[in-house]
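Chain and residue survey
Okay, here's what each chain looks like letter by letter:
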Amino acid sequence: MEEGSRLPPRLCCTSAAAFLLLATSMAQLCWSLESGSIGVLYIGDLVRSPPFNMMKSDPLFIIEYVPASLRADWAAQAGLTLEDVHRMIRMYMPRTYTDLSERFDVVVLANANPAALGPKNVEMIAKGVEEGGVGLLMSGGWESFGGVGTWSPPWGDTAVGRLLPVDNIIGIWVQDGHLVIDKPNHELIKSLPWDPRDQVLSQPIRWHHNPVTLKEGALQLAHVTCRGGVVHPLMVTWELQDGTRVFALTSEIHALSWYGQAWKYDYDFGSNLMIYLDRRPVPQDVDLVHLTRTTMLRVQKRRSLLLSLVEFCESFGANTRGILLMLDDVDAQISRANQKYLQLDYHGTIDAFREAESMLEGVEREAVKVKNRALLWVYTIEWLVVTGTLMICGFVLWSLMVRRRLYREVEVTRANV
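Residues numbered from 1 in each chain as written. Predicted model: local features only at pLDDT ≥ 70, side-chain atom pairs only at ≥ 80, totals over all residues. Heavy atoms only, no water.

**A short note on the packing of aromatic side chains**
Going through the model one piece at a time under the given rule, you end up with nine aromatic pairs. Here the aromatic rings of Y42 and F52 are separated by 5.3 Å at their centres, their planes lie at 45 degrees, and the arrangement is tilted. Pair noted here: Y42 is in strand β2 (residues 38–44) and F52 is in the loop between β2 and β3 (61–67), with a separation of 10 residues, a long-range link. The pair formed by Y42 and F52 is uniform in burial state, with each residue classed as buried. Ring pairs connect the aromatic residues W194, W263, Y265 and F269, which therefore count as one cluster. Between the NZ or CZ atom of R71 and the centre of the ring of W142, over which it lies, the distance is 4.5 Å. The lysine or arginine in question, K127, covers the ring of Y97, its NZ or CZ lying 4.7 Å from the ring centre. (Phe/Tyr/Trp six-rings, centres within 6.5 Å; stacked < 30°, edge-to-face > 60°. Helix = DSSP H or I, 4+ residues; strand = E, 2+ residues; numbered from the N terminus. Buried < 20%, exposed > 50% of the residue type's maximum accessible area, 1.4 Å probe, protein only. Lys NZ or Arg CZ within 6 Å of the ring centre and 35° of its normal.)

Here it is as structure tokens:
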């Protein structure tokens, strides 16, 4: 949809970000503190889900996903039909308000279609925010805020829309915008390096957005400036009466991870936002926290690849018992590192994960040896089969083409008589 095609001049080209954040209810807060993790319910487009897809490897988060986009092309990218989307909403959405408020600290609506969720689920989410203290984030997209297209009704008139710190402008999507920080000393903004000279952050495609207007009492943390100098809200937040936080990001949060080079701190933004919405102190040592998370995710990725190699070896009948025993020691070390991470001991976490990484290197070397031994037998058997086949074929060919000289030539056959 072309920018400004249905907007008055003062609103014709910016981006708006909407996050709905809801802080934890007392029962939910007890559950969260007991495990040390933040329960996140991600509702929306499964394919365009960074940085939340990385949270599966982060012990600070317990995340579950519910597809709720009715765009057929996005559903197809996730290997789903629209019928699958409706069925999975019935399967994976919390059944009751109690289930929602006790299991989750934050609900994320990212390209979530209210028509897909249905009025009952929308009302349940709103109740979880208002009464259960569940944090809520809405990020931008064609199915967020005012919606774009006849298949995407706006959120404004729903129970969730009434909790947002912004009013929607219906049916408009703006394709560009330049980031401007309004509250550099806010704890969320200050926890990240929003450098306007950063080539990734300065790309207008990162900040395509839903245009919105501020509600009275809302706090605008950042805005975008579009062509012609038009300004739209980008990051807006407020707190409900009980302190529950609602956050609106009018741009798509996954845009920091897509469209060419990803922003170095894209995962830190998503993580710090969830921490902020859960009303926990947002860590402020940018470089130390980034290094901790990067090290942790790298170790988890190496462990996952190692498990794939072990499974490959087992498919050839290799004995992987020794590798699995070594991997148990690695898992114990990773568990110790995770505990330090949940205790916010970032220096201790880095040291513990580096020790786990060193242990993984030894397991990987052993796994490669097992793989090579398994494949040696595969190659040997393959060589024997191929060589044996060639020898048999050669003997048959020799018998038919070479030994035929031993037979006496005849001039007359029965057919000529």
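After that view of the structure, there is still more to cover.
**Observations regarding helix α8 (residues 286–315)**
Owing to its 3.6 residues per turn, the α-helix aligns residues three or four sequence positions apart on the same side. Between its terminal C-alpha atoms α8 stretches 44 Å, which fits the 44 Å expected from 30 residues at 1.5 Å a residue. Downstream of α8 by a residue or two, G317 has a phi angle that is positive, lying close to 80 degrees. (Expected span 1.5 Å × (residues − 1).)

**Let's talk about the packing of helix α9 (residues 321–342) against helix α10 (residues 346–401)**
Packed helix pairs are specified by the crossing angle of their axes together with the interaxial distance, meaning the distance between the axes. Between α9 and α10, the shortest axis-to-axis distance is 8 Å and the interhelical angle comes to 165 degrees. In terms of their interaxial angle, α9 and α10 are classed as roughly antiparallel. Considering the relative orientation of α9 and α10, their crossing is left-handed. A breakdown of the residues in the contact of α9 with α10 according to their chemical character gives 16 nonpolar, five polar and four charged. (Axes fitted to C-alpha atoms, helices over the stretch in contact; angles between N-to-C directions. Parallel < 35°, antiparallel > 145°, perpendicular 65-115°, else oblique. Left-handed = near helix turned anticlockwise from the far one by under 90°. Nonpolar A, V, L, I, M, F, W, Y, C, P; charged D, E, K, R; others polar.)

**A closer look at the layout of surface pockets**
Of the pockets and cavities examined, the largest pocket occupies roughly 230 Å³. As for the largest pocket, its lining consists of G36, L60, I275, R280, P281, V282, P283, R293, Y341, L342, L344 and Y346. Residue composition of the lining of the largest pocket, grouped by class: nine nonpolar, one polar and two charged. (1 Å grid on protein atoms, 1.4 Å probe; cavity = no way out; pocket = protein on both sides within 12 Å on 5 of 7 lines; lining within 4 Å. Points joined across faces, edges and corners; volume = space filled by probe spheres on them.)

**Some details on the pattern of salt bridges**
Counted under the stated rule, the structure contains 16 salt bridges. Note that D84 is salt-bridged to R87, the shortest N-O span being 2.6 Å. Placement of the pair is D84 and R87 together in helix α3 (residues 82–92), with a separation of three residues, close to one helical turn. We classify R87 as partly exposed; its relative accessible area is 37%. (Salt bridge = Lys/Arg side-chain N within 4 Å of Asp/Glu carboxyl O.)

**Things to note about helix α5 (residues 114–130)**
Relative to the 24 Å expected for 17 residues at 1.5 Å per residue, α5 spans just 18 Å between its end C-alpha atoms, considerably shorter than the ideal helical length. By the largest-angle criterion, K120 marks the main kink of α5, which is about 70 degrees. For α5, the complete set of buried residues consists of P114, A116, L117, G118, N121, V122, M124, I125, A126, G128 and V129. On its buried face, α5 sits against β2, α3, α4 (97–103), β4 (106–110), β5 (135–139) and β11 (245–250). A distance of 2.9 Å separates the backbone nitrogen of A115 from a side-chain oxygen at the start of α5, and that oxygen is part of N113. (Bend = angle between axes of the 7 residues up to and from the residue. Contact = heavy atoms within 4.5 Å. Polar contact = N/O pair within 3.5 Å; in protein donor to acceptor, adjacent residues only side chain to side chain.)

**Section: unusual backbone geometry**
Excluding glycine, a negative phi dihedral is what most residues carry, and trans is how most peptide bonds are arranged. The linkage connecting P50 with the following residue, P51, adopts the cis geometry, with an omega of 0 degrees. Positioned with a positive phi, N111 is a non-glycine residue whose angle comes to about 55 degrees. With respect to the helices and strands, the residue N111 is situated in the loop between β4 and α5. One non-glycine residue, F145, lies in the positive phi region at around 50 degrees.

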